[in-house]
Amino acid sequence: MNFFRGVMGGQTAGPQPSGAETIQKLCDRVASSTLLEDRRDAVRALKSLSKKYRMEVGTQAMDHLINILQTDRSDSEILGYALDTLYNVISNDEEEEQDENAQKQADDLGTQFTEKFIQDPEHITLLLTLLEEFDFHVRWPGVKLLTALLKNQGVQVQGIILVSPMGVSRLMDLLADSREVIRNDGLLLLQQLTKGNAAIQKIVAFENAFERLLDIITEEGSSDGGIVVEDCLLLLLNLLKNNSSNQNFFKEGSYIQRMKPWFEVGDDNSGWSAQKVTNLHLMLQLVRVMVSPVNSPGATASCQKCMYQCGLLQQLCTILMATGVPADILTETINTVSEVIRGSQVNQDYFASVNAPSNPPRPAIVVLLMSMVNERQPFVLRCAVLYCFQCFLYKNQKGQGEIVATLLPSTIDANSISAGQLLCGGLFSADSLSNWCAAVALAHTLQDNLTQKEQLLRVQLATSLGKPPVSLLQQCTNILSQGDKIVRRGSKVQTRVGLLMLLCTWISNCPIAVTHFLHNQDNVPFLTAQISENLGEDERLVQGLCALLLGICIYYNDNSLENYTKEKLKQLIEKRIGKENFVEKLGFITKHELYSRAALKPQPVFPSPEQMLFDHEFTRLVKELEGLITKAVHKSSEEEKKEEEVKKTLEQHDNIVTQYKELIREQDAQIQELKEKVASMSAHTEQLQATVSQQQSQIQQHKDQYNILKLKLGKENQSQSNNQGDSQVNGLQTEELSQLREELEELRRQQTLLQTQLSEKDALIDSLKSAAQGAEGPAGGSDNTELLQELEALKNQVQSHLAEIGHLKAERQELLRRAEAGPSDTAPPGDSQSDAAKVDLESRLAAQTAEMERLKESRSDLEQQLASATSSVAILQTEKSKLQTEVQESKKEQDDLLMLLADQDQKIHSLKQRLKDLGETVEDEDDIDARDQTSDEDDEDED
């Protein structure tokens, strides 16, 4: 142990060993000691020497330390010492106070040791395994060591972690650690891990990173939080920037809505801390990442829509109009709002409606333009306002029209400041940067909008008292021709470049504007003079822009001015400038170093005001027109004529194609409609077929049930008939005989009742005779009469038969009485005669009884016939009343028609009389009829 006391600073006799010797002895002890405590003390000593003797420890001890990590997994203390030692050797964070050369050497040293460590990928896998240990003394040094490895050799370490099983998932678990130190260093580790690797970014995002990071930001106080919030935002930026998959996942997960509370600011915005400014700046950058112009248009539009719907855009506009907001935050907010509204009509319309909290309220656009043309405002703020104005007008023809309308004479309000007035004021001010910004802003109001280019030609400007107003186009050319004569603050070239860009944008693709420009006799000589001169480097850009403007006058010339037709302008170029020289000067634009920088992205970002020369949209216009103008200058008149003919042919062809396309679209629409109908009918047919099959099955079921019931009923009837047969075998019972006697008595009573009813019916028939004869026609009357006669005859027969029956009954009673009174043995001599008479009477009585039954049946038949005749009479009476009603209505209509005819005849007569009074010859109807008759007779004679 004396050896360790010497290393740790104890007093020993003899010469002191050097640092390299001490480290070598410690490494030997680590490699050879069998006791864990000895190895732990040796590793602790290496840790204490690792900062001072970084080179020696890294060279001699790294393999031994890695071996400790592999073999002594059970002792967390020695693992912690080993990880700390490796971190001190690999990390470059402790070398801040050294000079530049020493710092570079230290960085190289850290890179070399990192390469040595990762030569075997299993070392990284081992380190990832150690990170699963919950012990603080193991996990925290492991996080720091892996972070240092990623800083030194990020790409290589990322590749190893990517292929390691569950490697990224293990690192994501660090965000859930309850110990803030480990969680915060885990954020730094993930920042290094996700730099520039889209695959790892996607894995981290799908490991629920967005949810965890947003929760941490909320827990830490959002924008008011500390450095942890900053680290979370930096990690979010790594995950989302240039990664369309993660951006879509962020949007679909409704995480944009959770960003809105970040931008809630109060009325008092003074005294913001530096950390809050940093946090809010990163939050605004995060919003811009989601709606960046470099993203796909569909994804950007979807995020813009979401930001408007959740109120994020409204919250940003609130910061924009708030007071006391720091300048850099205000500038970044303007840039953020710009990209949120760029190309989105709904967002642009909302931004146009935002008013600043002033008295009277002014539109936010006007307030921002006031800052843009104010030379006392910071340069970056003015650039941001210009970018905001450009984004507001991007693909927004409605907004372009509203801005141009503020310049037209009919809409100018002298009592308020408008956007048009501010732009004109900036265009003609003494500040060259204001000139340039106003010119570019006006150019964007005309971008791809032919209507507004023509409308802007109507703008008139008052120059001075007593002089007539001049057009805006003429005033721009006047300022351009004066050049350096006007004293300006700033770059001399900047104003002319801005005006030339405005003029080129204005007259391109607008023949009317070209005609107005050429109508001023001084413009073409000025342009040719500028192009033909040999000027310095600074003026080359102006020459190129003048060549572009003159080329646009040639290409979009409609030959309406005789002195400046296409052919004459080309001849002028050939004589004064030379075609090759002209094309060379035209190429100065694209060769300028600032041209390529402006063409990269829409946002105007410039290191200094003097370098603010090109606009992004203008670079697109130059790229489009340069080749066309070069060809137009070199073409002869015959080639142009041929091209015009070809253009006309192509236009006709395009028109025909367009017509056929429209026809095809209509047919497609009809086919689609028919397909939909067929589909609906097929579905309906299938439904009906299903219904029919269902009903058929139900019918079959009913049939089966009916057959079953029929069989059951047949069996029951058969059993009932059998029972009835059994009962009839036994003969008639006493009860049945008494029932028959009762039925006989009932029949006798019914006979009496029928006789009574017959007499009543006779009276009714007599009363209906007269009514039936009047209601029926001849045929019906004869039928009823015959029936009545027949009925009367039958009635008489019944009366006679009844009288005879009564007489016979009386005789029978008398004979029965006599027979019962006299003894049977002392019968008078005439008994044989009386017996014969009795038999005769009985036979006659039976015959009369049968006749009476037959008469009853005939009487019932006659009663039925009488009832049918009665119903027929009622029906005929109903029809008669209907006919009488119709006759009355016909008479009434006939009377109305007669009245109308009389009125018509009266009107015709009065009109004829007026015609006669006016001297016209009018023929009467009698004359016309006579003439028609004469012509008919002549025709017959000819035949």
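Residues numbered from 1 in each chain as written. Predicted model: local features only at pLDDT ≥ 70, side-chain atom pairs only at ≥ 80, totals over all residues. Heavy atoms only, no water.

Observations regarding the overall build of the chain
On a plain count of helices and strands, the chain comes out with 41 helices and four strands. Buried positions account for 39% of the 943 residues belonging to the chain. Restricting to contacts in the chain with at least 6 residues of sequence separation, those with at least 24 account for 71%. As presented, the chain carries roughly 53800 Å² of accessible surface, and 51% of it is formed by carbon and sulfur atoms. (Helix = DSSP H or I, 4+ residues; strand = E, 2+ residues; numbered from the N terminus. Buried < 20%, exposed > 50% of the residue type's maximum accessible area, 1.4 Å probe, protein only. Contact = heavy atoms within 4.5 Å. Areas by Shrake-Rupley, 256 points an atom, 1.4 Å probe, with all protein chains shown as cover.)

Some remarks on the nonpolar core
Counting 207 residues, the largest nonpolar core has Leu146, Leu171, Phe263, Phe351, Trp506 and Leu548 as the members making the most contacts within it. Residue contributions to this core peak at twelve residues, all from helix α22 (residues 379-393). (Core = buried A, V, L, I, M, F, W, Y, C linked by side-chain atoms within 4.5 Å.)

Observations regarding the packing of helix α8 (residues 136-152) against helix α11 (residues 180-193)
Contact pair α8 / α11: the axes reach a minimum separation of 9 Å and the direction vectors enclose 20°. With respect to their mutual orientation, α8 and α11 come out roughly parallel. Between α8 and α11 the crossing geometry is left-handed. Listed contacts from α11 to Phe136, Arg139, Trp140, Val143, Lys144, Leu146, Thr147, Leu150 and Lys151 of α8 are Val181, Ile182, Asp185, Gly186, Leu188, Leu189, Gln192 and Leu193. Residues belonging to the contact of α8 with α11 are distributed by class as follows: ten nonpolar, three polar and four charged. (Axes fitted to C-alpha atoms, helices over the stretch in contact; angles between N-to-C directions. Parallel < 35°, antiparallel > 145°, perpendicular 65-115°, else oblique. Left-handed = near helix turned anticlockwise from the far one by under 90°. Nonpolar A, V, L, I, M, F, W, Y, C, P; charged D, E, K, R; others polar.)

Some words on a nonpolar patch on the surface
Together, Ile656, Tyr660, Leu663 and Ile664 line one region of the surface with nonpolar side chains, adding up to about 390 Å² of accessible area. Along the chain, Ile656 turns up in helix α37 (residues 637-729). By relative accessible area, Ile656 is classed as partly exposed at 44%. (Patch = residues over 30% accessible without salt bridge, like charges linked within 9 Å, V, L, I, M, F, W, Y side chains within 5 Å. Salt bridge = Lys/Arg side-chain N within 4 Å of Asp/Glu carboxyl O.)

Overview of the state of the cysteines
Counted under the stated rule, the structure contains zero disulfides. Just so you know, Cys546 is unpaired, no disulfide at all, and the nearest cysteine sulfur is the one on Cys504, 8.4 Å from it. Since its relative accessible area comes to 1%, Cys546 is described here as buried. (Disulfide = S-S within 2.5 Å.)

Let's talk about helix α20 (residues 345-353)
All buried positions along α20 are accounted for by Asn347, Gln348 and Phe351. The buried residues of α20 occupy an angular sector of 100° when projected down its axis, which confines them to one face. Against α17 (297-309), α18 (312-321), α19 (327-341), α21 (364-372) and α22 lie the buried residues of α20. (Arc of directions from axis to C-beta.)

A closer look at the packing of aromatic side chains
Under the definition given, this model contains eleven aromatic pairs. Ring centres of Tyr555 and Tyr556 lie 4.9 Å apart, and the angle between their planes is 90°; on these two criteria the pair is classed as edge-to-face. With centroids separated by 5.6 Å and ring planes inclined at 90°, the aromatic side chains of Tyr595 and Phe614 adopt a geometry described as edge-to-face. Taken as a pair, Tyr595 in helix α35 (residues 593-598) and Phe614 in the loop between α35 and α36 (616-634) lie far apart in primary sequence, 19 residues in all. No difference in accessibility class separates Tyr595 from Phe614, as the two residues are buried. An aromatic cluster of at least three residues, connected via ring pairs, comprises Phe206, Phe210, Phe249, Phe250 and Tyr255. Taking NZ or CZ as reference, Lys144 lies 4.0 Å from the ring centre of Trp140, over its face. Its guanidinium or amino end placed over the ring of Tyr394, Arg342 lies 3.8 Å from that ring's centre, counting from NZ or CZ. (Phe/Tyr/Trp six-rings, centres within 6.5 Å; stacked < 30°, edge-to-face > 60°. Lys NZ or Arg CZ within 6 Å of the ring centre and 35° of its normal.)

Side note on a negative patch on the surface
Negative charge collects at one region of the surface, where Glu886, Glu889, Glu893, Asp895 and Asp896 lie side by side. In this fold, Glu889 is placed in helix α40 (residues 831-917). By relative accessible area, Glu889 is classed as partly exposed at 47%. (Lys, Arg positive; Asp, Glu negative; His and termini not counted. Charge placed at Lys NZ, Arg CZ, Asp CG, Glu CD.)

Comments concerning the environment of Leu131
Position of Leu131 among the secondary structure elements: in the loop between α7 (122-130) and α8. For Leu131, a relative accessible area of 1% translates into the label buried. Linking Leu131 and Arg170, residues 39 residues apart in sequence, is a C-alpha distance of 7.5 Å. Contact partners of Leu131, with chain neighbours within four places excluded, come to Arg139, Gly142, Val143, Leu146 and Leu171.

Brief notes about helix α16 (residues 274-290)
In this model, α16 (17 residues) spans 25 Å end to end at C-alpha, consistent with the 24 Å of a helix rising 1.5 Å per residue. Burial analysis of α16 places twelve of its 17 residues in the buried class, the great majority of the element. (Expected span 1.5 Å × (residues − 1).)

Describing the packing of helix α28 (residues 492-507) against helix α29 (residues 511-519)
In a packed pair of helices, the relevant descriptors are the angle between the two axes and the axis-to-axis distance. α29 packs onto α28 with a crossing angle of 130° between their chain directions and a minimal axis gap of 7 Å. By the angle between their directions, the pair α28 and α29 is classed as oblique. Facing Leu503, Trp506 and Ile507 of α28, the residues of α29 in contact are Ala513, Val514 and Phe517. Split into classes, the residues belonging to the contact of α28 with α29 amount to six nonpolar, no polar and no charged.

Overview of the side chain of Gln191
Its place among the elements puts Gln191 in helix α11. For Gln191, a relative accessible area of 10% corresponds to the buried category. What Gln191 contacts, discounting residues up to four positions off in sequence, is Asp231, Leu234, Leu235 and Asn238.

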